[in-house]
2 protein chains.
Amino acid sequence: MDQFIDRLERSIVRRGTPVVVGIDPHLSMLPENILPASSAGTAPCSEGWDDRRLALAMQSFCRGVLDVVTGLVPAVKFQLAFFEQIGPAGASVLADLVQQAHRGGLLVILDGKRGDIGSTALAYAQGMLGAGSSSAWGGDALTVNPYLGDDALEPFVQTAQERHAGVFVLVKTSNPGGRVFQDLIAEGKPIYRHVAALVEQLASKHLGKCGYGDIGGVVGAVYREQLAELREAMPHTWFLVPGYGSQGARAADVAPAFDPRGRGAVINNSRAIIFAYRRREYERFGPGRWQEAVEAATRDMIAELRAETPAGRIGLE
Amino acid sequence: MDQFIDRLERSIVRRGTPVVVGIDPHLSMLPENILPASSAGTAPCSEGWDDRRLALAMQSFCRGVLDVVTGLVPAVKFQLAFFEQIGPAGASVLADLVQQAHRGGLLVILDGKRGDIGSTALAYAQGMLGAGSSSAWGGDALTVNPYLGDDALEPFVQTAQERHAGVFVLVKTSNPGGRVFQDLIAEGKPIYRHVAALVEQLASKHLGKCGYGDIGGVVGAVYREQLAELREAMPHTWFLVPGYGSQGARAADVAPAFDPRGRGAVINNSRAIIFAYRRREYERFGPGRWQEAVEAATRDMIAELRAETPAGRIGLE
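Each residue is numbered by its place in its chain's sequence as written, counting from 1. Each chain takes a letter, starting from A, and each ligand takes a number, starting from 1, following the order in which they are written. Note on the predicted model: pLDDT of at least 70 is required for a residue's local features to be given, and 80 or more for side-chain atom pairs to be given and counted; whole-chain, interface and lining totals, by contrast, use all residues. For the side-chain quantities, the full set of heavy atoms in the structure was used; hydrogens and water were omitted.

### Some details on the relation of the copies chain B and chain A
Point 1. Once chain B is rotated about the relating axis by 180 degrees and shifted along it by 0.0 Å, it coincides with chain A to within an RMSD of 0.0 Å. As the rotation angle and translation indicate, the two copies are arranged about a two-fold axis. Every residue of chain B has its C-alpha some distance from the rotation axis, and the shortest such distance is that of Ala186(B), at 2.3 Å.
Point 2. Between two residues, a contact is recorded if the distance between any of their heavy atoms is within 4.5 Å. In this assembly, 100% of the residues forming the interface of chain B have copies in chain A that are likewise at the interface, indicating an isologous arrangement. We superpose the copies by least squares over the C-alpha atoms of residues that have a pLDDT of at least 70 in both of them.

Quick look at the structure:
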């Protein structure tokens, strides 16, 4: 099996786009025909909703999303929180969806932002990483949190290399509070630049044919200048860029994440795609045709990135 | 229901000890009679071991640990990584163990070191926090990672308050690499002191009768001076102190974590208790009597803390 980063790059070229669809199944946003609001007006997860019923609704919705985006995009990103939220039943749903995604040729990024020390980090890494290996979850890649330092990242890096998987380390997050610690200045540069330096070093150790490493970085789309700054500082680090769509970033904002050949970044969009039926632009579909809204929103985002970023050059060489 | 921190303090007084037993079921360390090494010499999690068999072994072991420590200690801490490692079957085992712990009157700390932004953090919080509530996992408390900043902690803080649960935020971790980012100096003090200031502020907002808040901090036991420094800087923050036992810390090292009345800290010990049968001090029991080794190691740690730290004053007022 090829290195993760080369599989990702090839899949991007094949689909002609670096769009990643984020599967964040917020219970309160599922279409009515998937999870009807209770007649008593109770919200999901309150009394009267059992985990099994929620799990079936979540499974049905996510399968429907995968049906639409398979063949359109190179990868999907599952947000683990929403599956964990409904307990063991959610775990089974997630395992099933990872298999469906792989059958459809989609790469799977598990967005768990995990992080722990030593043998505990190793347990996370071995459980999460390794499509087609003995890994329980079989992710092609996992997001991890750097706060615990370099030795805590090492088990993820090692396991990724052994299993031809990838890791995306949080560098700069897109939420306003991301500044509170990440932007503190130490030794003349912000903390996120210290994290960036470590990630670039890890990425550089094991480069794929595409010139990038299997250790990537999560860099929020909110700050255009920081994307450009980090793209320059991290020439071997592939970026996973969240924040497109519902968090406000548009194609022009994420353009600096790419190298001149349109490589070096995947752009994630979760809610603005999977819940597109709730957006004014796609209200013509209504909740009953939510899958058509998913497809329209995905195709529109692909077109936006082709028109306004170096990703438009993908597949034209 | 009382605030989390008052339930924790009362439970500590009732048991006469702040010892927390960490349930970290490393597959490779389970006793032979629980998980026999395969005749082919394969390691757990490699080919030939199915998740169901591993889950049953893990369940049997952890139930055995809970049987021993129920009534001896106020709380247990489940390390989520080891349950996640074996996939959906591990999720069911964890849910079962949380229930068993609660039936035995143990408080449950879920050690997941979760962290994400906005509605995703809320999904983690709502899934994990709230014994006896509609929470899927029903933890009394959860560990969280601060790298994403104050707004990312807010959903955990809010949910904890609503559900009478607690949160332990990573402040200073006990691994050597914890220094890499946590000890960088910004605005005249290390990053972990910036995190400490935020945690203390969150803790102070909603104090229990015991004088501490429901928002606690994780402070590793490795650096005695830093424990003392943080105890002084965080007078309303209860500490969860890992690193005792297998990571090298002893009673004298953790003494500064307590206030003069023996309050303000719980001391976690995972491997050196649950796998005590592997330690020279307890080799008299052998693998077959591993539960007796768990009991002996727990009682020894309780005695050490009573003899050498302010925790010896608990229950004597």
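The discussion continues.
### Points about helix H2 (residues 51–69) of chain A
All names here are of chain A.
Point 1. Taking 1.5 Å of rise per residue, the 19 residues of H2 would be expected to cover 27 Å, and the 27 Å separating its terminal C-alpha atoms lies within 8% of that figure.
Point 2. Throughout, exposure labels follow a simple rule: accessible area from a 1.4 Å probe, protein chains only, divided by the maximum for the residue type, with under 20% read as buried, over 50% as exposed, and the rest as partly exposed. The helix count covers DSSP runs of H or I at least four residues long, the strand count covers runs of E at least two residues long, and both are numbered beginning at the N terminus. Looking at H2, one finds that the buried residues are Leu54, Ala55, Ala57, Met58, Gln59, Phe61, Cys62, Gly64, Val65, Leu66, Val68 and Val69.
Point 3. In this structure, the buried side of H2 is in contact with strand S1 (19–23), strand S2 (75–79), helix H3 (80–84), helix H4 (88–103), helix H11 (271–274) and helix H12 (290–308).
Point 4. Note on H2: the residue one or two positions beyond its end, Gly71, has a positive phi of about 90 degrees. Residue count minus one, scaled by 1.5 Å, sets the expected span of a helix.

### Digging into H4(A)
Point 1. Here H4(A) spans 23 Å end to end across 16 residues, near enough to the 22 Å set by a 1.5 Å rise per residue.
Point 2. Looking only at H4(A), the buried set comprises Ala89(A), Gly90(A), Ala91(A), Val93(A), Leu94(A), Ala95(A), Leu97(A), Val98(A), Gln100(A) and Ala101(A).
Point 3. Looking at the packing, one finds that the buried side of H4(A) touches H2, S2, H3 and strand S3 (107–114) of chain A together with helix H4 (88–103) of chain B.
Point 4. In the stretch just after H4(A), Gly105(A) is the one whose phi turns positive, near 80 degrees.

### Describing the interface of chain B and chain A
Point 1. Between chain B and chain A, the residue contacts involve 64 residues of the former and 64 residues of the latter.
Point 2. For the pair chain B and chain A, the summed buried area comes to about 4900 Å², and 59% of that belongs to carbon and sulfur atoms.
Point 3. Basic side-chain nitrogens of Lys or Arg form a salt bridge, by our definition, when they fall within 4 Å of a carboxyl oxygen of Asp or Glu. Taken together, chain B and chain A are joined by 4 salt bridges.
Point 4. Two residues, Glu84(B) and Arg114(A), come together in a salt bridge whose shortest N-O distance is 3.0 Å.
Point 5. Side-chain atoms alone can form a polar contact between residues adjacent in sequence; in general such a contact is a pair of N or O atoms within 3.5 Å, and within protein one must be able to donate a hydrogen while the other accepts it. Scanning the region where chain B abuts chain A turns up 24 residue pairs in polar contact (both at pLDDT 80 or more).
Point 6. Under the scheme applied here, ten amino acids are nonpolar (Ala, Val, Leu, Ile, Met, Phe, Trp, Tyr, Cys and Pro), four are charged (Asp, Glu, Lys and Arg), and all others, including Gly, are polar. Across the side of chain B that touches chain A, the residue classes break down as 30 nonpolar, 23 polar and 11 charged. Here the quantity called buried area is the accessible surface, traced with a 1.4 Å probe, that two parts lose on coming together, added over both.

### Things to note about the side chain of Thr17(B)
Point 1. On the secondary structure map, Thr17(B) appears in the loop between helix H1 (4–15) and strand S1 (19–23).
Point 2. Apart from the residues lying within four places of it in its own chain, the contact partners of Thr17(B) are Ile12(B), Leu72(B), Val73(B), Pro74(B) and Ile302(B).

### What to know about the pattern of salt bridges
Point 1. Taken as a whole and judged by the stated rule, the model has 30 salt bridges over all chains.
Point 2. In this structure, Asp111(A) engages Lys113(A) in a salt bridge whose closest nitrogen and oxygen atoms are separated by 2.9 Å. Residue Asp111(A) shares its accessibility class with Lys113(A), and that shared class is buried.
Point 3. Lys172(B) is paired through a salt bridge with Asp183(B); the nearest N and O atoms lie 3.3 Å apart. In this pair, Lys172(B) is assigned in strand S5 (residues 166–172) and Asp183(B) in the loop between helix H7 (179–182) and strand S6 (185–186), connecting sequence segments 11 residues apart.
Point 4. Asp183(B) sits in the partly exposed class, given a relative accessible area of 25%.
Point 5. Where salt bridges share partners, they join Lys77(A), Asp111(A), Lys113(A) and Asp116(B) into one cluster.

### A short note on the pairing of strand S5 (residues 166–172) of chain A
Residue and element names in this part refer to chain A.
Point 1. Taken across its 7 residues, S5 has 7 buried, putting it largely inside the fold.
Point 2. Taken together, the 4 bridges between strand S4 (residues 141–144) and S5 define a ladder with parallel strand orientation. Bridged to Ala141 within S5 is Gly166.
Point 3. Regarding the hand of the β-α-β motif, the stretch spanning S4, helix H6 (residues 150–163) and S5 is right-handed.
Point 4. Alignment of S5 against strand S8 (residues 215–219), held across 5 bridges, turns out to be parallel. At least two bridges found by DSSP between two strands is the condition for calling them paired. When the strands point away from the viewer and the connection leading from the first strand across the helix to the second strand turns clockwise, the crossover is called right-handed.

### Re the sheet that holds S5(A)
Residue and element names in this part refer to chain A.
Point 1. Taken in spatial order, the 8 strands line up as S1-S2-S3-S4-S5-S8-S9-S10 and close into a barrel, and their pairing is parallel. For this sheet, the mean angle separating the axes of adjacent strands, direction not counted, is 30 degrees.
Point 2. Inter-axis angles, ranging from 0 to 180 degrees, are taken between N-to-C directions of lines fitted to C-alpha atoms, where helices are fitted over the stretch in contact. Where helix H9 (residues 224–233) meets the sheet, it contacts S5, S8 and strand S9 (239–241), and its direction lies at approximately 170 degrees from that of S9.

### A short note on the side chain of Asn269(B)
Residues and elements named next belong to chain B.
Point 1. Along the polypeptide, Asn269 turns up in strand S10 (residues 265–269).
Point 2. Only 3.4 Å separates the side chain of Asn269 from the backbone nitrogen of Ala272, close enough to count as a polar contact.
Point 3. When sequence neighbours within four positions are dropped, the list of residues in contact with Asn269 reads Val20, Val21, Gly22, Tyr244, Gly245 and Met301.

### Some details on the packing of aromatic side chains
Point 1. Classification of ring pairs rests on two measures: the distance between centres of Phe, Tyr or Trp rings, Trp counted by its six-membered ring, which must be within 6.5 Å, and the angle between planes, read as stacked under 30 degrees, edge-to-face over 60 and tilted in between. Scanning the entire structure with this criterion turns up 10 aromatic pairs over all chains.
Point 2. Consider the rings of Phe4(A) and Phe168(A), whose centres lie 6.1 Å apart with planes at 80 degrees: the pair is edge-to-face. With Phe4(A) in helix H1 (residues 4–15) and Phe168(A) in strand S5, this residue pair connects regions lying 164 residues apart in the sequence. Assigned by exposure class, Phe4(A) and Phe168(A) land together as buried.
Point 3. Taking 5.3 Å as the distance between ring centres and 10 degrees as the angle between the ring planes, the aromatic pair formed by Phe61(B) and Phe275(B) counts as stacked. In this pair, Phe61(B) sits in helix H2 (residues 51–69) while Phe275(B) sits in the loop between helix H11 (271–274) and helix H12 (290–308), placing the two residues 214 residues apart along the sequence.
Point 4. Residue Phe61(B) is classed as buried on the basis of its relative accessible area of 0%.
Point 5. Taken together, the ring pairs in this structure connect Phe61(A), Phe275(A) and Trp290(A) into an aromatic cluster.
Point 6. Our definition puts a charge over a ring when NZ of Lys or CZ of Arg is within 6 Å of the ring centre and also within 35 degrees of the ring normal. Across the ring face of Phe239(A), the terminal group of Arg231(A) is positioned such that the distance to the ring centre comes to 4.1 Å.

### Structural notes on the sheet that holds strand S4 (residues 141–144) of chain B
Residue and element names in this part refer to chain B.
Point 1. Spatially, the 8 strands close up into a barrel ordered S1-S2-S3-S4-S5-S8-S9-S10, and their pairing is parallel. Pairwise comparison of adjacent strand axes, ignoring direction, gives a mean angle of 30 degrees for this sheet.
Point 2. Sheet analysis places strand S8 (residues 215–219) next to strand S9 (residues 239–241), joined by 2 bridges and oriented parallel. Directly across from Val218, in S9, lies its bridge partner Leu240.
Point 3. Contacting S1 and strand S2 (75–79), H2 crosses the sheet at an angle of about 170 degrees to S1.
Point 4. Against the sheet, helix H9 (residues 224–233) engages S5, S8 and S9, with an angle of about 170 degrees to S9.

### Looking at the environment of Pro18(B)
Point 1. Relative to the elements of secondary structure, Pro18(B) occurs in the loop between H1 and S1.
Point 2. Leaving out residues up to four positions away in the same chain, Pro18(B) has contacts with Ile12(B), Phe258(B), Ala265(B), Val266(B), Ile267(B), Leu305(B), Ala311(B) and Ile314(B).

Functional significance is not addressed by these values, which are geometric in nature.
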